[in-house]
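# Chains, contacts and geometry: an overview
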Amino acid sequence: MPLLQSLRNLFGGRRSRRTAEPGAVMVFLEKSRWITALIFCVTVIAIVVISSAGLHTANLPVLPNQLATATIDAAMPFSYESAHRTQQAREQILDRVPPVYALETKSLLKFEAAMRELQDQIAEVERFHRTEPAKGSDVLIDMTAALETFNATGPYRVNLEDLKTLLTQVTPERRSTLIEAGLNELRQIYEDGVHDESLNADTPGNVSVLQVASPTGGVTVRHVQSLEEAITHLRINLSGEDVPRPVSFALFRILRNGIEPNLVFDREATTAREEAAVAQLNPVSVNVTRGQTIIEAGTRVTPEQYEMLLAHRKVLSESTANQLDEDLRLFGRILLVLAMVLASVFYVRLEDRETFQSNGRLGLLALVVILNITLVRAVFSLSSLDFFAQDGSWASTLPYIAPSAFAPLIVAILIDFGSAIFMALFISIFTGVIYGNRLDLLVLTFLASTVAIFSCQDARKRSRVVRAAGLGGLTVAIFALLIGFADQLPAPTLLKQFGAGLASGLLTGIIVVGLLPLLESLFKRTTDITLLELTDYNHPLLRLMQLEAPGTYHHSLVVAQLSENAASAIGANPLLARVCALFHDIGKTTKPEYFIENQRTRDNPHDVNNPSLSALIIKSHVKEGVDLARKHRLPRAIIDVIRQHHGTSLIRYFFHRAKQSASNSNAPFNRGDSKDPLPPGLAPVEVAESTYRYDGPIPQFKESAIISLADGIEAASRTLRKVTPQHLGELIDAVIRERVEDKQLDDSPLTFAEITKIKSSFAYTMLNMLHSRVDYPTENKPDEPPKA
């Protein structure tokens, strides 16, 4: 004997067959109301902790110039030095400090030099023509040349007529005196200062009183003339000279070319005076009272409000005086969570009693809710990272990255769509609460989750789940773009939020697809995706059936087709019915020769067995099927169908054989009118009906009941000698009537209306399956006699 087998025998002997019924512990976990209460309490506590721990309105991800979604009030009085207000005060002081200007005399010196050069040239021309008289035209030519030389030295525009007036109407001595007097006036004008018209716009009342740096280094405040005023001043002073009026005008027109604005901005002196003024400024302190509104919901956050919020956060982190407020806030959050969970309980109780009565389903709902809120909170916590804290555009994408459609998608796939819609609302509410009571985010995430749920209907491929989540993410992206556009956010931020919505959808789809197999196994749930994978005819059990029990395999295919069509007719799950029907008789592969559809020869092993043994072998295919299903980890629904597809029906053939055998055994004592009793100690042979009934249970759900009926009808149809609609209808009615009278459908939720639809579906499918063929004529060869 092998060592391993010896050890098995020593430590417990042969391993017993696992019973088809769930253990007492599993029944307790599935049905106990104590476990239900525990799930309720754990869910409430987990949601409160996740959505409340370390969460305060002051910690909401608020950015400057962002539209505030929640009102934030000061939880306690505090004061802080406001850098923003200090900067504003500094700017006001700088605005009040007037600029300092320096007087520039280069243009004056240049004009004086040009005038003296012109005088020297005029004197030279006059002296030359006195010693050597010439034509008047020659003098004029020389004067014109001197005048052109003068105009070329600067931006001067002196015409020849004015120069001729000075030369002809006054003596040279008087002309020199007049020019020197005019230059003195120019020096006085330049000493006072001349500004251009641009300074008037910055000076109240157009009175040019400016700070002018003196040559000694000081700064004086004086009245400075504009260019127009300086020209007027020169004209008036020259008119006072005792000369003919044409001469004074000519001299004015020549000397006005020397007047230019001579004020130059003195940056160094201005900066020094500004620094001196700012040095006297003290930081501005702001006092905030308890309950004062820091940020008002629906308004844009100003830099001053943002600074106050940061100061408030710092005070809260350093103080423990607001513990009572935190306790009250926590109590309010507990009430909110309690109300939401109670609303969920009432909804499930009213709309999905099957889920309410199953702790496994309730546990699944609680788990995915907790996981989803944890993911939302984890994304929210990213706002504390330096990357997001320093870049507001990236921080604004966090609400759209949160995978709020995670739980609704899983519930839609594993339970039903009604619960998924309510779950979407539940998750959306807490997402909005975590992000500061944002109503827009609540509506947006609920809409996206609803789109994802709608898109995953009849999802039979994992790619369909990813596509459904992607459509939900696209919904988030589009509406985030529209909301951002309404908030007048910059284009780069809009693109980041759009990309965040798309990435959130794809990430949610990938997470859901990755977790589905684990959740299916943990909570004994079966998705259409898994069912579709099980329809592969290369599955090990189906291949085993094809090789070991081909008759049973063909029978299963027919039952699968009947069940699928009937389930579709009454609105049940046709895929579930098909898959369960394919595997419902896998237990027959253990002893295939004991089942009539697999007996290829006329030999029947039941002929040499007594009826009770044969009935036991027939019944054993149910338990063998359950063992094979569990060994190959088939879904719970398939195992249930294997157990229920015969219910507690009677194995009539062997029961009647047993009764006939018992009747024959009692016959010698019951012949004719014999009054002889049975010999002492010998009891009449009785047949126990329970020996010839399946162990059950009877069908518990629609698909199981449909497969049970289809199994009996397919088997009975093999006895029909002639297939007609009438004969087939009578057969279907008889089988279903017999099951109803035997109370095999008492626990199934089928209605009489649905049974009528099932009959019609069975009749239609069977007529198409059992159709006849035309007998084609054959041609006889010339050397063969004609066939009869």
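The structure this text deals with has already been given above.
In this report, the structure presented in the accompanying data block is examined.

Conventions we followed
- Residues numbered from 1 in each chain as written.
- Predicted model: local features only at pLDDT ≥ 70, side-chain atom pairs only at ≥ 80, totals over all residues.
- Heavy atoms only, no water.
- Helix = DSSP H or I, 4+ residues; strand = E, 2+ residues; numbered from the N terminus.
- Buried < 20%, exposed > 50% of the residue type's maximum accessible area, 1.4 Å probe, protein only.
- Contact = heavy atoms within 4.5 Å.
- Areas by Shrake-Rupley, 256 points an atom, 1.4 Å probe, with all protein chains shown as cover.
- Axes fitted to C-alpha atoms, helices over the stretch in contact; angles between N-to-C directions.
- Left-handed = near helix turned anticlockwise from the far one by under 90°.
- Nonpolar A, V, L, I, M, F, W, Y, C, P; charged D, E, K, R; others polar.
- Polar contact = N/O pair within 3.5 Å; in protein donor to acceptor, adjacent residues only side chain to side chain.
- Phe/Tyr/Trp six-rings, centres within 6.5 Å; stacked < 30°, edge-to-face > 60°.
- Parallel < 35°, antiparallel > 145°, perpendicular 65-115°, else oblique.
- Pairing = 2+ DSSP bridges.
- Salt bridge = Lys/Arg side-chain N within 4 Å of Asp/Glu carboxyl O.
- Core = buried A, V, L, I, M, F, W, Y, C linked by side-chain atoms within 4.5 Å.

What the chain contains, in helices and strands, is 33 helices and 10 strands. Looking at the chain residue by residue over its 788 residues, the buried ones come to 44%. Here the contacts in the chain between residues at least 6 apart in sequence split such that 78% fall between residues at least 24 apart. If you sum the accessible surface of the chain, you get close to 42500 Å²; carbon and sulfur atoms cover 58% of it.

On to the packing of helix 8 (residues 172-192) against helix 9 (residues 227-239), then. For the pair helix 8 and helix 9, the least separation of the axes is 10 Å and the interaxial angle reads 150°. The two elements helix 8 and helix 9 cross, and the hand of that crossing is right-handed. Residues G182, E185, L186 and I189 of helix 8 pack against A230, H233, L234, N237 and L238 of helix 9. Split into classes, the residues belonging to the contact of helix 8 with helix 9 amount to 5 nonpolar, 3 polar and 1 charged.

This paragraph deals with the side chain of H645. Inspection of the secondary structure puts H645 in the loop between helix 29 (636-644) and helix 30 (652-666). For H645, the side chain forms a polar contact with the side chain of H646, separated by 3.1 Å. Among residues more than four places away in sequence, those in contact with H645 are H584, D585, H621, V622, I707, S708, D711 and R739.

Once that is clear, we can look at the packing of aromatic side chains. Tallying each qualifying case throughout the model produces 10 aromatic pairs. Judged by centre distance (5.2 Å) and plane angle (25°), the rings of F150 and Y156 are stacked. Across this residue pair, the class does not change: F150 and Y156 are buried. Their ring planes at 85° and their centres at 6.4 Å tell us that Y537 and Y553 sit as a pair that is edge-to-face. Linking Y537 in the loop between helix 24 (528-534) and helix 25 (540-548) with Y553 in helix 26 (residues 550-570), this pair joins segments that are 16 residues apart in sequence.

Turning our eyes to something else, we now look at the packing of helix 8 against helix 10 (residues 245-255). Following both chains from N to C, one finds helix 8 and helix 10 inclined at 50°, their axes separated by 11 Å at the closest point. The angle between helix 8 and helix 10 places the two elements in the oblique class. The handedness of the crossing between helix 8 and helix 10 comes out as right-handed. Across the interface between the two elements, L178, I179, G182, L183 and L186 of helix 8 pack against V247, L251 and L255 of helix 10. For the contact of helix 8 with helix 10, the class distribution of residues is 7 nonpolar, 1 polar and no charged.

Attention now goes to the environment of T355. Tracing the sequence through the fold places T355 in helix 14 (residues 353-356). Excluding residues within four positions of it along the chain, T355 makes contact with V348, R361, L362, L365 and I415.

Turning to the environment of Y400, a few remarks are in order. Mapped onto the elements of the fold, Y400 is located in helix 18 (residues 398-401). Look at Y400 and you get buried, because its relative accessible area is 5%. Taking C-alpha positions, Y400 is 8.9 Å from L502, a pair spaced 102 residues apart along the chain.

Attention shifts here to the pairing of strand 9 (residues 285-288). The alternating pattern of strand 9 places V286 and V288 on a buried face and S285 and N287 on a face that is not buried. Pairing between strand 2 (residues 78-81) and strand 9: 4 bridges, direction antiparallel. Bridge assignment links E81 to a residue of strand 9, and that residue is S285.

Enumeration according to the criterion identifies 21 salt bridges in this entry. Taking the shortest distance from any N to any O, the salt bridge between D162 and R253 comes out at 2.9 Å. Within this pair, whereas D162 is found in helix 7 (residues 160-169), its partner R253 is found in helix 10, the two being separated by 91 residues in sequence. Under the relative-accessibility criterion, D162 is labelled buried at 5%. On the basis of relative accessible area, R253 is assigned to the partly exposed category, the value being 37%. Note that E689 and R693 form a salt bridge whose closest N and O atoms lie 2.8 Å from each other. Residues joined in a network through salt bridges with shared partners are E112, R116, E180 and R187.

The next subject is the nonpolar core. Counting 66 residues, the largest nonpolar core has I47, I373, F426, Y435 and V512 as the members making the most contacts within it. Residue contributions to this core peak at 11 residues, all from helix 15 (residues 359-381). In terms of nonpolar packing, the next biggest core, distinct from the first, is built from 51 residues, C580, A629, A705 and V735 among them.

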